Structures are given as structure tokens and as C-alpha cells.
Amino acid sequence: MSSIPGRSASALLVIDVQTGVVANAHKRDETIANIQELVNGARRHHVPVIWVQHSDEGMPIGSADWQLVDELSPQAQEPLVRKEFRSSFEGTDLESLLAERRVGHLVVSGAQSEFCVRHTITAALERGYDVTLVADAHTTEDTSWDGRELPAQDIIDDQNRACWQYELPGRSCTLTTTEDAFAAVSL
């Protein structure tokens, strides 16, 4: 249970599933289909869906790359959080949106696994939230670091492994699949 008193609800976060972010993503179509399934499940179970969109110098607000992918359509009542940092909490109104909805547990999906997904999970845990990462509903792209190739699947696996059985006092991070996401969440 979350370490935030009076916050027992859950919410689905859809992080940065934007045209420019997922253009070269590993298993792009499969991951987006899983995220759409999560969104549909959240709506069926009356779990709030919160959309997050990143912007920066290379992806300014309103640009084609900044737009959410065509496959996903937020509903009018679903909040959109605009961010400029890797953490969805930093410099945004995410915390107040979650407080209004009495959310203490986040179900996380989106892109990119090693950047905005990872930093949002860490920030959530540090703020007292429970987190469930949906293992087959986050993605990234192949990259290189320090002269080594880093395949996207290895990055995704590393993020999943980092969240598996991760606990802090009064809160935890768990791992699930799209198929089991709402069975693992107390609604």
C-alpha cells in the first residue's frame, strides 16, 4: 500500500507515446497495441488515465514529432501533462492531478524505457507511490553508449528487472503484463 495517507486509488500513466519518440521504437506497433489495451481496460474499470507529453528543443510543443501517435486518442476528461524533464513529476502538475484523484498507485506504460519511464518510476517511489510497471507496454530504441551497442530489448529487460520486487519503506514497485495489469491492481 502506498505510503501516502488517504490515497488508495490507482491511475494509468501513458508516458511520451509521441510520434517522434516512438518512430524507431522496438516492437513499436505491439507496444502501442498493448498500451491501447491498457487504456481501454482503465476506462472500463473507471481508473483515471493520465497522458504525458515531452517537449524540448528538438521536439517543440505543437510539432509533428510532439503529437501523440495516431493509434491513441485521449478522451476530453483525461488530463494531459506537459513536461520538459525525464521525470513526469518535475516542473509539472502531475502531483496535484494525482492528489485530486486520491491516487497512491501508478500503473506505468510508455517510452522511453531508460529515460522518462525510469525517471518517472523513481520519482513516484521517492514521493511515496506504489508503482506497477507493465513489462510489455514500454519501449525504447536501439542505441549506443561509450562505443557499445545497446539493443532496445536489453534496455527494456534491464528496466523490467530493476522494477521486479523493488521495495522501499511503505511502498513497492511490481511488474505485470498487459493481460494481468488490472488483476494486479486493487481497484
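Note that the structure is a prediction, hence the values are computed from the model and not measured.

Draft legend 1. The arrangement of the state of the cysteines in detail. Counted according to the given criterion, the structure contains 0 disulfides. Cysteine C116 is unpaired, with the sulfur of C163 as its nearest cysteine sulfur at 14 Å. Using a relative accessible area of 8% as the deciding quantity, one classes C116 as buried. Here C163 is not cross-linked by a disulfide; its sulfur's nearest cysteine counterpart is in C173, at 3.5 Å.

Draft legend 2. How the structure looks around unusual backbone geometry. A cis geometry characterises the amide bond from A111 onward to Q112, with omega recorded as -20°. Mapped onto the fold, Q112 is located in the loop between strand 4 (103-111) and helix 4 (113-126). Its identity as a non-glycine residue notwithstanding, H46 has a phi of 60°, on the positive side. Along the chain, H46 turns up in the loop between helix 2 (28-44) and strand 2 (49-54). Taking the relative accessible area as the measure of exposure, H46 reaches 73% and is therefore exposed. Even without glycine at this site, R102 takes up a positive phi of about 60°. Structurally, R102 is set in the loop between helix 3 (94-100) and strand 4.

Draft legend 3. Looking closely at helix 2. For helix 2, with 17 residues, the first-to-last C-alpha span of 24 Å sits near the 24 Å given by 1.5 Å per residue. The inward-facing, buried residues of helix 2 abut strand 1 (9-15), helix 1 (19-22), strand 2, strand 4 and strand 5 (130-139). Count one or two residues on from helix 2 and you reach H46, which has phi positive near 60°.

Draft legend 4. Representation of the pattern of salt bridges. Per the stated rule, a full pass over the model turns up 8 salt bridges. For E71, the salt bridge goes to R28, with nearest N and O atoms at 2.8 Å. One end of the pair, E71, is in the loop between strand 2 and strand 3 (80-83); the other, R28, is in helix 2, and 43 residues separate them in sequence. Under the relative-accessibility criterion, E71 is labelled partly exposed at 39%. For R28, a relative accessible area of 22% gives the class partly exposed. Within the structure, one salt-bridge network assembled from shared partners comprises R28, D29 and E71.

Rules behind the numbers
- Residues numbered from 1 in each chain as written.
- Predicted model: local features only at pLDDT ≥ 70, side-chain atom pairs only at ≥ 80, totals over all residues.
- Heavy atoms only, no water.
- Disulfide = S-S within 2.5 Å.
- Buried < 20%, exposed > 50% of the residue type's maximum accessible area, 1.4 Å probe, protein only.
- Helix = DSSP H or I, 4+ residues; strand = E, 2+ residues; numbered from the N terminus.
- Expected span 1.5 Å × (residues − 1).
- Contact = heavy atoms within 4.5 Å.
- Salt bridge = Lys/Arg side-chain N within 4 Å of Asp/Glu carboxyl O.

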